[in-house]
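Each chain, written out:
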Amino acid sequence: MGLDLELLPTQAEQVPKALYTDKLGLGVVPWGGRADPAQTTNAVHGGRHDQPRRAQHPRVEELQPAAAQPGDPADRAAAMHELVKEITDEALDVVLYYLYNPYAMSDKVSGMEVWITGKPEFRNVGILR
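What counts, and at which threshold
Residues numbered from 1 in each chain as written. Predicted model: local features only at pLDDT ≥ 70, side-chain atom pairs only at ≥ 80, totals over all residues. Heavy atoms only, no water. Helix = DSSP H or I, 4+ residues; strand = E, 2+ residues; numbered from the N terminus. Buried < 20%, exposed > 50% of the residue type's maximum accessible area, 1.4 Å probe, protein only. Areas by Shrake-Rupley, 256 points an atom, 1.4 Å probe, with all protein chains shown as cover. Salt bridge = Lys/Arg side-chain N within 4 Å of Asp/Glu carboxyl O. Core = buried A, V, L, I, M, F, W, Y, C linked by side-chain atoms within 4.5 Å. Contact = heavy atoms within 4.5 Å. Polar contact = N/O pair within 3.5 Å; in protein donor to acceptor, adjacent residues only side chain to side chain. Expected span 1.5 Å × (residues − 1). Arc of directions from axis to C-beta.

Enquirer: Looking at this model, I keep getting lost on the overall build of the protein. Mind explaining?
Expert: Looking only at helices and strands, the protein has four helices and four strands in total. Reading the helices (α) and strands (β) of the protein from amino to carboxyl end gives α-α-α-α-β-β-β-β. The 129 residues of the protein split such that 17% are buried. Summing over all exposed atoms, the protein offers an accessible surface of approximately 10,200 Å²; the carbon and sulfur share of this is 57%.

Structure representation (structure tokens):
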């Protein structure tokens with residue numbers, strides 16, 4: 001791919017300041033799930049003034065409101081799919097590395113799941129007797 005990177009370990013509390021002042025061009029940071037995927041697409045691609053990449057993509061900005069609009073779940077899902085397709089087709093996000101956190105547990109633990117984001121889901125966890 002031809003990338004030339006300089007790694008700059010940064011304290012977690014300094015990452016936002018470094019991203020927003022162009023001291024960092026990208027970051028390897030933990031990213032949790034959100035209850036509403038439109039929160040993520042708006043935060044990363046919404047054209048907001050505090051968005052780290054400060055990129056503007058008119059079609060994404062046009063599609064974002066429908067994807068965030070409350071109402072019929074089927075309509076909203078279709079709008080979100082169209083938005084994510086645009087983001088993907090235009091390669092607005094390119095994953096270079098995906099950190100995987102392994103989890104070890106006793107064979108007496110049941111129902112443990114790990115989301116694709118690497119975050120554990122504890123709602124269905126139980127202990128076998």
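Enquirer: Is there a simple way to explain the pattern of salt bridges in this structure?
Expert: Proximity of charged atoms lets side chains of opposite charge pair with each other. Scanning the entire structure with this criterion turns up five salt bridges. We note a salt bridge from Lys85 to Asp89, for which the minimum N-O separation is 2.5 Å. One end of the pair is Lys85 and the other is Asp89, both in helix H4 (residues 73-89) and four residues apart, which spans about a single turn. By relative accessible area, Asp89 is classed as partly exposed at 49%. Arg123 is the salt-bridge partner of Glu121, the closest N and O atoms lying 2.8 Å from each other. The class of Glu121 is buried, set by a relative accessible area of 9%. For Arg123, a relative accessible area of 68% translates into the label exposed.

Enquirer: Explain the nonpolar core here, please?
Expert: In a soluble, globular protein the nonpolar side chains are often hidden away together inside. Counting eight residues, the largest nonpolar core is built from Ala38, Val60, Leu63, Ala67, Ala79, Met80, Leu83 and Ile87. Within the residue set of this core, elements represented by two or more residues are helix H3 (58-68) and H4. In terms of residue count, H4 provides more of this core than any other element does, four residues in total. With sequence-adjacent residues up to four places away left out, Ala38 is seen in contact with Gln64, Ala67, Ala68, Arg76 and Met80.

Enquirer: Whenever I open this one, helix H2 (residues 37-45) confuses me. Can you help?
Expert: Think of an α-helix as 3.6 residues a turn; residues three or four steps apart then line up on the same face. Within the sequence span of H2, burial applies to Ala38, Thr41, Ala43, Val44 and His45. Near the N-terminus of H2, the side chain that reaches the backbone nitrogen of Ala38, with its oxygen 2.9 Å away, is that of Asp36.

Enquirer: Just checking my understanding: could you explain H4 for this structure?
Expert: Between its first and last C-alpha, H4 extends 24 Å over 17 residues, near the 24 Å set by a 1.5 Å rise per residue. Listed as buried for H4 are Ala79, Met80, Leu83, Glu86 and Ile87. One face of H4 carries all of its buried residues, which in axial projection span an arc of 120 degrees. Along H4, the residues that are exposed and aim more than 90 degrees away from the buried face are Ala74, His81, Lys85 and Thr88. The inward-facing, buried residues of H4 abut H2 and H3. Positive phi shows up at Ala91, right after H4, with a value of about 50 degrees.

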